[in-house]
Amino acid sequence: PLGAADLAVPPGVQASLTVRILEYDRALRSWAGPGITVGLVGRSAGSVAELREALSGRDAQGLAIRVVVHSFKDAEGLRAWMDSAGVRFLYVAADLTGEPATVSAGAARRVPTLVATRAQFERGASLGLVVREGKPHILVNLTAAKAAGMDLDPKLLQLAEVVR
């Protein structure tokens, strides 16, 4: 279960902040390709349904965002799905906080990984969206983000909590 420190950012706000983060990535076109395939992974498709709906039809830097969903069973299945679906940006739902394999799958594939809890972020995710002092807050692991090919604009980094 999530603790008080891990209140979820509402899906619509998560979608807007995800697009905003992508907009501030100066290297987006080099790692995303002609479009951005965003993979959403949770215990079930239902756990990411609202976020899928909120992200669908959006774009970042003129690149269409394509959303694909995976119900997590095991790490090997997740890695195989990421490869077959062409996932270039991975979102890990809060209901997978106890599954460190979800974050490490993104890191192993050098794919920017966005997570919904601080505990997931501390396991090496590139980015996190958490509630702090009642407001949505962006977390950036600069080392992991750079390893995944991101080049985040200093304007975004000023707004975020940056871990090096």
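Provided above is the structure to which this section pertains.
Scope of this entry: the structure provided in the associated data block.

About the cut-offs
- Throughout this document, residue positions are counted from 1 along each chain, in the order its sequence is written.
- Per-residue local features are limited, in this predicted model, to residues with pLDDT of at least 70; the limit for side-chain atom pairs, both in listing and counting, is 80 or more; totals at the level of whole chains, interfaces and linings are taken over all residues.
- To obtain the side-chain values, all non-hydrogen atoms of the structure were used and water was disregarded.
- Axis definition: a line fitted to C-alpha atoms, limited for helices to the stretch in contact. Angles are taken between N-to-C directions and run from 0 to 180 degrees.
- Numbering of helices and strands starts at the N terminus; helices are DSSP runs of H or I of at least 4 residues and strands are runs of E of at least 2.
- In this scheme, a crossing is called left-handed if the near helix is turned counterclockwise away from the far one by less than a right angle; it is called right-handed if the turn is clockwise.
- Note on definitions: a residue-residue contact is assigned when non-hydrogen atoms from the two residues lie within 4.5 Å.
- Only Asp, Glu, Lys and Arg are considered charged, only Ala, Val, Leu, Ile, Met, Phe, Trp, Tyr, Cys and Pro nonpolar, and every remaining residue, Gly among them, polar.
- For this document, the term salt bridge refers to a Lys or Arg side-chain nitrogen within 4 Å of an Asp or Glu carboxyl oxygen.
- Per-residue accessibility, obtained with a 1.4 Å probe over protein chains only, is compared with the maximum for each type, and a residue is labelled buried under 20%, exposed over 50%, and partly exposed between these values.

A few words now on the packing of helix 4 (residues 75-85) against helix 5 (residues 100-108). Any two packed helices are characterised by the angle at which their axes cross and by the distance between the axes. The geometry of helix 4 relative to helix 5 is characterised by a closest axis approach of 9 Å and an angle of 35 degrees between their N-to-C directions. Where helix 4 crosses over helix 5, the two elements pack in a sense that is right-handed. In this structure, helix 4 contributes Ala75, Leu78, Arg79 and Met82 to the contact, and helix 5 contributes Ala101, Thr102, Ala105 and Gly106. Taken together, the residues of the contact of helix 4 with helix 5 break down into 5 nonpolar, 2 polar and 1 charged.

What follows deals with the pattern of salt bridges. All chains considered together, the criterion is met by 6 salt bridges. A salt bridge links Arg109 to Asp83; its shortest N-O distance comes to 2.9 Å. Linking Arg109 in the loop between helix 5 and strand 5 (113-115) with Asp83 in helix 4, this pair joins segments that are 26 residues apart in sequence. Of the residues examined, Arg109 reaches a relative accessible area of 30% and is grouped as partly exposed. Residue Glu161 is joined to Arg118 by a salt bridge in which the shortest nitrogen-to-oxygen separation is 3.1 Å. Here the residue Glu161 occupies a position in strand 8 (residues 161-163), and Arg118 occupies one in helix 6 (residues 118-121), the gap between them amounting to 43 residues. Relative accessible area serves as the criterion here: at 24%, Glu161 is assigned to the partly exposed category. The class of Arg118 is partly exposed, set by a relative accessible area of 26%. One salt-bridge network, held together by shared partners, links Arg118, Arg132 and Glu161.

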